[in-house]
Amino acid sequence: HLSSLNELQCLLISYASINGAGFASFGEPETLKQISLKSTDLTDAGVANLARFSVLEEVGLNGNHRLTNESIRHLSQIKTLKTISAMNTNINDDALIYLSDMPNLSHLRGFHVPTRFPAGKVPLPPNAMPFRGRIKRAASGAESAGSPRP
């Protein structure tokens, strides 16, 4: 039903029983800049459906305990993102590797890094290896390119 809202800029849904599957039929909203899905039944597959929302600037995923680092990998496709909030989820600092090529990202909540930083300069934890380095190592059989090291 929301797909008919052509000028929708902000969508806030809290404590609802949605998993994100419905976003697949949402069309491609050209005006939706902020979405917050707090304490819903959101899954990694549901977050994958958000990756089509190419003008999103802020995503809130707080309280969605079913989400993993895979959700951050999906969100990394949205180059317009400025803010990601993922407190009280199963997403951890290993997911930061997926965000290293995000040109506009400047705010993170729910990670063990500074909350604010210059746009496009995601602070990686000291033990994190840039994603491109993981691909090189994977080619030599040292590790899988699809998942960060725990």
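It should be noted that the structure appears before, not after, this text.
Just so it is clear, the model here is predicted, and its values are computed rather than measured.

Enquirer: Explain the overall build of the protein to me, please; I cannot follow it from the model alone.
Expert: A tally of helices and strands in the protein yields 3 helices and 5 strands. In the protein, which comprises 150 residues, the share counted as buried stands at 43%. Excluding contacts between residues fewer than 6 apart, the proportion of contacts in the protein whose partners are at least 24 apart in sequence is 52%. Per element, the accessible surface of the protein, about 8000 Å² overall, is 52% carbon and sulfur.

Enquirer: Which parts of the structure should I look at to understand the side chain of T43?
Expert: Along the chain, T43 turns up in the loop between β2 (34-38) and α1 (44-50). Once residues lying within four places of it in the same chain are set aside, the contact partners of T43 are N19, R66, L67 and S71.

Enquirer: Please explain the packing of aromatic side chains as it appears in this structure.
Expert: Describing an aromatic ring pair means giving the distance of the ring centres and the angle of the ring planes. In total, this model carries 1 aromatic pair according to the counting rule given. Note on F23 and F53: the rings are 6.0 Å apart at their centroids and 90° apart in plane angle, and the pair reads as edge-to-face. Note that F23 is positioned in the loop between β1 (10-14) and β2 and F53 in the loop between α1 and β3 (58-60), a separation of 30 residues in sequence. In terms of burial, F23 and F53 fall into one category: buried.

What counts and what doesn't
Residues numbered from 1 in each chain as written. Predicted model: local features only at pLDDT ≥ 70, side-chain atom pairs only at ≥ 80, totals over all residues. Heavy atoms only, no water. Helix = DSSP H or I, 4+ residues; strand = E, 2+ residues; numbered from the N terminus. Buried < 20%, exposed > 50% of the residue type's maximum accessible area, 1.4 Å probe, protein only. Contact = heavy atoms within 4.5 Å. Areas by Shrake-Rupley, 256 points an atom, 1.4 Å probe, with all protein chains shown as cover. Phe/Tyr/Trp six-rings, centres within 6.5 Å; stacked < 30°, edge-to-face > 60°.

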